[in-house]
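# Notes for the structure review
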Amino acid sequence: MRYISTRSGSAGAQTPAIGFLDAVLAGLAPDGGLYVPEQWPSFTREEIAAFAGRPYAEVAAAVIGKFAGDALDRDDVARMCAEAYATFTHPAVTPLRELHPNLWLLELFHGPTLAFKDVAMQLLARLYEKALAAQRRTMTIVCATSGDTGGAAVEAFRGRANVRIVALFPDGRISEVQRRFMTTAADANVRTVAVQGSFDDCQAMVKSMFLDDQFRRAVDLSGVNSINWARIAAQAVYYFTAGVALGAPHRPVSFAVPTGNFGDAFAGYVAHKMGLPIERIVIATNGNDILARAIEDGRYARGVVMATQSPAMDIQIASNFERLYFEAVRRDGVETGRAFRAFAETGSIEIPPAALASMRELFRGASVDEHDTARTILATFNETGELIDPHTAVGLAGAQRFALASGATPLVVLSTAHPAKFPEAVEAAAGVVPPLPRAGGGLADKPERFDRLPADVDAAKAYVRAFVGA
Ligand SMILES: *Cc1c(COP(=O)(O)O)cnc(C)c1O
């Protein structure tokens, strides 16, 4: 299986196609685009039907095997998936829970850091180790985090060979639970840094590290943000396990996905392209509603980021949307390159009518405000006894806008974080403090270790160089 850029041809020449492991280690393509498979792999109806009742790790190995092609042995893929999903505390890995008739929560938070980022990151770390050993290479991952990505990445990469990780987080702007998941790792290949600035400052620092060729080469810089292809591929797996548990491929299933960078929702598109019958995917945003507006009004236009109860989705540029756009313009790399280069300048794209119509065959968008988010947490608790986190509440409220659950098709809301990861918001809405489950045990007692830096890219580069010894 080869991977091509979404902007292929737009820089005057075709960007070369690359193999799976190179796509895993690559960030952006050299033309600024994102990598996607050259063709969509697919499963037959019989193959999908045979997933029913299989262990999660086996379905994962089948899906990842399709994307790896001959880049990895089947046995290696099976072993990596088995190890990655053994870190989850629930035997089903991502269990379904019925909330109302025909309306289900897909619990993606039973991994070591209690948010869905673990599903992809646990596998990604093992793919990195394999790819780096094969290439005899040591890389340095620098990641900016608004909370969940950093913890999941530190937990997945700590102690691994041939890779170091530096996580930058905005000092004082993430929850204590989120911070402790990063800062209590004692492994020698991990550094965590409290930056005296915002998440946007952290992200800008990482971006300018990538733009500095000399620095990038000196530390062999790598990124694990949500544009990484392996993360998307790993997230397609739970659409299959949930789908077959609810009757696919014999009947379709719909999903509602709380969205920020559009990675998780795009993984649903991938599962659909691979043959899973999905009737509808509702893209649910908080007040940072660029995606909901794009799908409903046809204009992808950046707004000003506002802070919400669901901070992992406080984003106004949804990086993975470029992959959907590329698909919707019939994989025209020149048009995709034009549109997204213009977006970088002007902050908006008018989606061509035919492309918008094709997006709307599968997707609808809903934006959920702060009041509705809190109301949904409370109503769910009162009606079902379940505490849900604010991101999940956005997904559920978005789904309810379309009253999909009243039809015959089962509706699955992706539950992306454990409520205990956002205790303040849950308590404010429902009046109950969600208890921290076993995976978070001892977190409060472990010593923390982190450094402090100003929001200054030169200081951060010097810090990373010193860590790496470059
Ligand atoms: C990252 C995150 C999201 C958003 O996922 P995207 O792939 O960026 O759309 C939603 N909920 C939680 C809890 C997250 O950590």
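These remarks concern the structure in this document.

### Here we look at the site of the ligand
Every one of the 15 residues lining the ligand counts as a neighbour, but Lys 117, Asp 148, Gly 260, Asn 261 and Thr 416 are closest to it. Between the ligand and the protein, one listed contact pairs an oxygen atom with a backbone N or O atom of Gly 260 at 2.8 Å. Between an oxygen atom of the ligand and a main-chain N or O atom of Asn 261, the distance comes to 2.8 Å. Coverage of the ligand by the protein chains reaches 96% of its 390 Å² of free accessible surface. Taken together, the residues of the shell around the ligand break down into six nonpolar, six polar and three charged.

### Section: the packing of aromatic side chains
Aromatic rings in a pair are described by how distant their centres are and how their planes are angled relative to each other. Taken as a whole and assessed by the stated rule, the structure comprises 25 aromatic pairs. With centroids separated by 6.1 Å and ring planes inclined at 70 degrees, the aromatic side chains of Phe 262 and Phe 321 adopt a geometry described as edge-to-face. Here Phe 262 is found in the loop between β10 (253-258) and α11 (263-273), whereas its partner Phe 321 is found in helix α13 (residues 321-328), with 59 residues between them in sequence. Using a relative accessible area of 1% as the deciding quantity, one classes Phe 262 as buried. Under the relative-accessibility criterion, Phe 321 is labelled buried at 1%.

### Structural notes on the nonpolar core
Formed by 113 residues in total, the largest nonpolar core has its most connected members in Tyr 85, Phe 157 and Phe 321. By residue number, the principal contributor to this core is helix α10 (residues 229-245), which donates 12 residues. Filtering out sequence-adjacent residues up to four positions away, Tyr 85 remains in contact with Tyr 56, Ala 57, Ala 60, Val 93, Val 119, Leu 123 and Ala 234. Among the nonpolar cores identified, the runner-up in size contains 20 residues, and Val 166, Met 209, Phe 215 and Val 468 belong to it.

### Brief notes about the environment of Gly 172
Assignment of secondary structure puts Gly 172 in the loop between β7 (163-170) and α7 (176-183). Among the residues examined, Gly 172 registers a relative accessible area of 71% and is labelled exposed.

### Details of the sheet that holds β7
With respect to topology, five strands assemble into an open sheet ordered β9-β6-β7-β8-β16, the strand pairing being parallel. This sheet does not close on itself; its edge strands, each paired only once, are β9 (221-222) and β16 (451-454). Relative to β9, strand β6 (residues 139-144) runs parallel, the two sharing two bridges. Among the inter-strand pairings, Thr 140 is bridged to a residue of β9, identified as Leu 221.

### A look at the packing of α13 against helix α15 (residues 353-362)
Packed helices, taken two at a time, are described by the angle between their axes plus the distance between the axes. One way to put it is that α13 packs onto α15 with a least axis distance of 9 Å and a crossing angle of 110 degrees. By the angle between their axes, α13 is roughly perpendicular relative to α15. In the packing of α13 onto α15, the handedness of the crossing is right-handed. Contacts from Phe 321, Leu 324, Tyr 325 and Ala 328 in α13 reach Ala 355, Ser 358 and Met 359 in α15. When its residues are assigned to classes, the contact of α13 with α15 shows six nonpolar, one polar and no charged.

### Comments concerning the pairing of β10
Of all six residues making up β10, six are buried, and the element is well covered by its neighbours. Side chains of β10 alternate between two faces, with Val 253, Phe 255 and Val 257 and Ser 254, Ala 256 and Pro 258 buried alike. Where β10 and strand β11 (residues 278-285) come together, five bridges link them in parallel fashion. From the neighbouring strand, Val 257 faces β11, where its bridge partner is Ile 283. In this fold, β10 hands off to α11, which returns the chain to β11; that crossover is right-handed.

### Description of the sheet that holds strand β2 (residues 18-19)
Across a sheet, strands are paired by hydrogen bonds formed along the backbone, either parallel or antiparallel in direction. Pairing within the open sheet is antiparallel, and its three strands lie in the order β2-β1-β3. Because the sheet does not close on itself, it has two edges, and the strands there are β2 and β3 (35-37). Looking at chain direction, strand β1 (residues 2-5) and β2 are connected through two bridges and run antiparallel. Bridging across to β2, Tyr 3 finds its partner in Ile 18.

### Things to note about helix α18 (residues 423-430)
Looking at α18, one finds that the buried residues are Pro 423, Ala 425, Val 426, Ala 429 and Ala 430. Looking straight down α18, one finds that the buried residues subtend no more than 165 degrees of arc, so they occupy a single side. Residues of α18 that are exposed and angled more than 90 degrees away from the buried face: Glu 424 and Ala 428. Those residues of α18 hidden inside the fold are in contact with α16 (370-384) and α17 (390-401). Taken from the residues just after α18, Gly 431 is the one with a positive phi, measuring 75 degrees.

### A short note on the pattern of salt bridges
Tallied over the entire structure, the rule returns 27 salt bridges. When the shortest N-O distance is used, the salt bridge between Asp 76 and Lys 130 registers 3.0 Å. One end of the pair, Asp 76, is in helix α4 (residues 74-86); the other, Lys 130, is in helix α5 (residues 117-135), with 54 residues separating them in the sequence. Relative accessible area serves as the criterion here: at 30%, Lys 130 is assigned to the partly exposed category. For the salt bridge of Glu 350 with Arg 299, the shortest nitrogen-to-oxygen distance reads 2.8 Å.

What counts as what
For every chain, the first residue of the written sequence is number 1, and numbering continues from 1 along that sequence. The model is predicted, so local features are restricted to residues of pLDDT at least 70 and side-chain atom pairs to those at 80 or more, both for listing and for counting; the totals for chains, interfaces and linings are taken over all residues. Side-chain measures here rest on the full set of heavy atoms in the structure, leaving out hydrogens and waters. Being near a molecule or strand, for a residue, comes down to having at least one heavy atom within 4 Å of it. Think of a polar contact as two N or O atoms within 3.5 Å of one another; within protein, one of them needs to be a possible hydrogen donor and the other a possible acceptor, and neighboring residues in sequence only count if both atoms come from side chains. In short, Shrake-Rupley with a 1.4 Å probe defines the accessible areas, and a residue's cover is counted only from the protein chains shown. Only Asp, Glu, Lys and Arg are considered charged, only Ala, Val, Leu, Ile, Met, Phe, Trp, Tyr, Cys and Pro nonpolar, and every remaining residue, Gly among them, polar. Only rings of Phe, Tyr and Trp enter the pairing, Trp through its six-membered ring, and a pair is recorded when the two centres are within 6.5 Å. The plane angle decides the type: under 30 degrees is stacked, over 60 is edge-to-face, the rest tilted. Secondary structure counts use DSSP, requiring at least four H or I residues in a row for a helix and at least two E residues in a row for a strand, with both numbered from the N terminus. Here the term buried applies to any residue with accessible area under 20% of the maximum for its type, exposed to any over 50%, and partly exposed to those in between, with areas from a 1.4 Å probe on protein chains only. Among buried residues, those of type Ala, Val, Leu, Ile, Met, Phe, Trp, Tyr and Cys that are joined through side-chain atoms within 4.5 Å constitute a nonpolar core. Contacts are residue-level and defined by heavy atoms, with any inter-residue pair within 4.5 Å sufficient. Strands are labelled as partners when DSSP assigns at least two bridges between them. Note on geometry: axes are C-alpha line fits, over the in-contact stretch for helices, and angles between N-to-C directions span 0 to 180 degrees. Any angle between 65 and 115 degrees counts as roughly perpendicular, while under 35 counts as roughly parallel, over 145 as roughly antiparallel, and the rest as oblique. A clockwise turn of the near helix away from the far one marks a right-handed crossing, whereas an anticlockwise turn of less than a right angle marks a left-handed crossing. Viewed with both strands pointing away, a crossover whose connecting path from the first strand over the helix to the second turns clockwise is right-handed. The arc under discussion is defined with respect to the helix axis, by the directions toward the C-beta atoms. Salt bridges are identified by distance alone: a Lys or Arg side-chain nitrogen within 4 Å of an Asp or Glu carboxyl oxygen.

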